[in-house]
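Coordinates in review
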Amino acid sequence: MTTQTERRSARKPPVKWYVLGPAVCILSLPVFMYLCALLLARELLPFSLADELVTASVFLAGTAGGAAGSAVRGGKAVQSGFISGCVLAAALAVAALAAPGEGALSAQCLRHAIAAAAGGAFGGALGMRRRPGKRRRKNR
């Protein structure tokens, strides 16, 4: 009984998934946007793709955060990824409200919110731990 009590007290509490997932989302978004800006500045991609690259960056940030959140949580991977993506979408909506001249309910903001939520769900699906299928013997 003492050994079990010692084991419980020796464990460190894990970083909660609901903190790690959105933090990875919010921290990886500027990294992805910077990479896209480099591609545009070096003229490897045409400037007409700037809006699509921002949407792709939001999707990839949601994917990274969703995968990180679902990896920490373990169970319910898609739901935890989706929630991480929704937190990123909420942060983008707040940033759109703070920006002068832009409305929070514009088509571009809605596109980014959908990309963030879908990216989070996709990242959660990537982080699912699948069980191997049961092997069945053939009856002869």
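Residues numbered from 1 in each chain as written. Predicted model: local features only at pLDDT ≥ 70, side-chain atom pairs only at ≥ 80, totals over all residues. Heavy atoms only, no water.

The name given to the chain in an unreviewed UniProt entry is TIGR04086 family membrane protein, and the organism recorded there is Candidatus Scatomorpha merdipullorum.

1. Considerations on the overall build of the chain
If you tally the helices and strands in the chain, you get 5 helices and 0 strands. Mapped from its N terminus to its C terminus, the chain presents α and β elements in the order α-α-α-α-α. Here the chain holds 140 residues, and the buried ones make up 28% of them. For the chain, the computed accessible surface area is about 10,200 Å², with 64% contributed by carbon and sulfur atoms. (Helix = DSSP H or I, 4+ residues; strand = E, 2+ residues; numbered from the N terminus. Buried < 20%, exposed > 50% of the residue type's maximum accessible area, 1.4 Å probe, protein only. Areas by Shrake-Rupley, 256 points an atom, 1.4 Å probe, with all protein chains shown as cover.)

2. Some remarks on unusual backbone geometry
For E43, which is not a glycine, the phi torsion comes out positive at approximately 60 degrees. Within the fold, E43 resides in the loop between α2 (17-41) and α3 (50-73). For E43, a relative accessible area of 69% corresponds to the exposed category.

3. A closer look at the side chain of S70
Inspection of the secondary structure puts S70 in helix α3. According to the relative accessible area criterion, S70 is buried, its value standing at 0%. Engagement of the side chain of S70 in a polar contact is seen with the backbone oxygen of A67, the distance being 3.1 Å. Excluding its chain neighbours within four sequence positions, the residues that come into contact with S70 are A77, S80, G123, G124 and G127. (Polar contact = N/O pair within 3.5 Å; in protein donor to acceptor, adjacent residues only side chain to side chain. Contact = heavy atoms within 4.5 Å.)

4. Comments concerning the nonpolar core
The tendency in soluble globular proteins is for nonpolar side chains to be buried as a group. Membership of the largest hydrophobic core is limited to 8 residues, which are C25, L29, V58, A61, L88, A89, A115 and A116. Dropping the residues within four chain positions of it, A116 is found in contact with V58, G62, G85, L88 and A89. (Core = buried A, V, L, I, M, F, W, Y, C linked by side-chain atoms within 4.5 Å.)

5. Re a nonpolar patch on the surface
A cluster of nonpolar side chains, V31, Y34, L35 and L38, forms an exposed patch at the surface whose accessible area comes to about 380 Å². Inspection of the secondary structure assignment puts Y34 in helix α2. (Patch = residues over 30% accessible without salt bridge, like charges linked within 9 Å, V, L, I, M, F, W, Y side chains within 5 Å. Salt bridge = Lys/Arg side-chain N within 4 Å of Asp/Glu carboxyl O.)

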